[in-house]
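What the coordinates show
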Amino acid sequence: PNGNLLDATSVQIPGVLDDLYAEAAQSEPLGVVWNRDTPSVRVWAPTAQSLRLHLFPDGMGEAEAVLDATFDAETGVWSTTGTPDWNGKYYLFEVQVYAPSTQK
């Protein structure tokens, strides 16, 4: 109303993240991958500020472990490697991102 700007978004150019990261990120599969008895987890989140994996013994209750993932700036992939006892466990990703709307 009255010609005043109420809100705005930043410029987002389609395909920019894909152009920067997609080819390199495809070098290994994303998600949980088991190599013999060792799991590794890879998540493509190039704009995330941090990523943590919460590991649960079952679908309820408290996490038994919280692990910080490592960021690869070349691929935009966050990753962590587990141990054989992860088999049958549940997991949840905690991803911290910047939200321009809140500037946090």
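Residues numbered from 1 in each chain as written. Predicted model: local features only at pLDDT ≥ 70, side-chain atom pairs only at ≥ 80, totals over all residues. Heavy atoms only, no water.

Next up on the list: the sheet that holds strand E5 (residues 70-72). Pairing within the open sheet is antiparallel, and its four strands lie in the order E1-E2-E6-E5. Taken across any chain shown, the strands that pair with only one partner, and hence form the sheet edges, are strand E1 (31-35) and E5. Averaged over all adjacent pairs, the angle separating strand axes in this sheet is 25°, with direction ignored. (Pairing = 2+ DSSP bridges. Helix = DSSP H or I, 4+ residues; strand = E, 2+ residues; numbered from the N terminus. Axes fitted to C-alpha atoms, helices over the stretch in contact; angles between N-to-C directions.)

Before going further, it helps to spend a moment on the side chain of Arg-42. Of note, Arg-42 is situated in strand E2 (residues 38-44). Look at Arg-42: it is buried, it has no salt bridge, and the nearest opposite charge is Glu-28 at 4.0 Å. A polar contact is formed between the side chain of Arg-42 and the backbone oxygen of Glu-28, at a distance of 2.6 Å. (Buried < 20%, exposed > 50% of the residue type's maximum accessible area, 1.4 Å probe, protein only. Lys, Arg positive; Asp, Glu negative; His and termini not counted. Salt bridge = Lys/Arg side-chain N within 4 Å of Asp/Glu carboxyl O. Polar contact = N/O pair within 3.5 Å; in protein donor to acceptor, adjacent residues only side chain to side chain.)

With five bridges joining them, E2 and strand E6 (residues 77-81) adopt antiparallel strand pairing. What sits directly across from Val-43, in E6, is Trp-78. The sheet contact formed by E5 and E6 spans three bridges and is antiparallel. Along E6, the bridge assignment pairs Phe-71 with Trp-78.

We now examine the sheet that holds strand E4 (residues 65-68). A sheet is described by the order of its strands in space; here three strands give the open sequence E4-E3-E7, paired in antiparallel fashion. If you trace the sheet from one side to the other, it starts and ends with E4 and strand E7 (90-97), each paired once. On average, each strand axis in the sheet is inclined to that of its neighbour by 20°, with strand direction left out of account.

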